[in-house]
Amino acid sequence: MQTRRQAYKLGQNCESQERSSTKQWTDQLKVLQKFMSQEGHCDLPQIYNKNPKLASWIKTQRYQYERLMNDEESTMTDERIQALENIGFEWSEALQSRFTPRRSKKQDSRSKRWMQRLEELKDFKSREGHCNVPQRYDDNPCLGTWVNTQRRQ
């Protein structure tokens with residue numbers, strides 16, 4: 001009986017701490033939004049005398065992001081990343097370059113071909129009024145094959 005009560009209280013404390021942590025995070029995001037609307041950017045120096053708490057919070061966000069990208073335990077979530085990026089927050093260049101996948105020439109070539117086929121499909125739609133390209137499309141066999149492949153994926 002005592003153990004169950006203790007476990008219940010522990011669960012309540014954890015939930016309460018989690019709600020408090022989320023509220024604190026959201027409050028700091030609002031402060032950053034206000035800063036952004038006034039200054040036009042989210043780039044605070046690491047030492048910012050006007051609001052050292054916000055500067056520290058931003059440093060923490062970048063640190064937690066780096067931990068997340070390294071598959072380490074982190075408080076950063078996809079929702080938080082999205083919320084920050086939605087207001088114009090930019091991760092440091094060092095973080096971006098480390099965690100942005102490097103593309104090979106082969107990948108770039110595939111990407112260009114994919115974009116070319118997409119443009120061809122747009123042209124087809126403007127002419128025909130639909131995107132139902134036959135798999136064996138005599139006017140552009142590559143487009144027919146590409147559309148069929150996109151449907152399967």
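Residues numbered from 1 in each chain as written. Predicted model: local features only at pLDDT ≥ 70, side-chain atom pairs only at ≥ 80, totals over all residues. Heavy atoms only, no water.

Undergrad: Before we go on, may I ask you to explain the side chain of arginine 80 in this structure?
TA: With respect to the helices and strands, arginine 80 occurs in helix α3 (residues 78-86). The buried charged residue arginine 80 lacks any salt bridge, with glutamate 79 as its nearest oppositely charged partner at 7.4 Å. If sequence neighbours within four positions are ignored, arginine 80 has contacts with Ser21, Thr22, Trp25 and Thr75. (Helix = DSSP H or I, 4+ residues; strand = E, 2+ residues; numbered from the N terminus. Buried < 20%, exposed > 50% of the residue type's maximum accessible area, 1.4 Å probe, protein only. Lys, Arg positive; Asp, Glu negative; His and termini not counted. Salt bridge = Lys/Arg side-chain N within 4 Å of Asp/Glu carboxyl O. Contact = heavy atoms within 4.5 Å.)

Undergrad: It is not clear to me how the confidence of the model for the chain should be interpreted in this structure. Could you clarify?
TA: Fine structural detail should not be taken from predicted coordinates in areas where pLDDT scores are low. Looking at the chain as a whole, the pLDDT averages 79, with 75% of positions reaching at least 70. Model confidence for the chain, summarised as mean pLDDT per element, is weakest for helix α4 (residues 93-99) at 55 and strongest for helix α2 (residues 52-69) at 92. Of the regions scoring below 50 in pLDDT, residues 7-14 engages in zero contacts with residues more than four places distant in sequence or in other chains. (pLDDT = per-residue confidence, 0-100.)

Undergrad: Can you help me understand the environment of cysteine 142 in this one?
TA: For cysteine 142, the location among the structural elements is in helix α6 (residues 141-152). A residue is classified by how much of its surface remains accessible, and cysteine 142, at 43% relative accessible area, is partly exposed. A sequence separation of 25 residues divides cysteine 142 from arginine 117, and the C-alpha atoms of the two residues are 8.1 Å apart.

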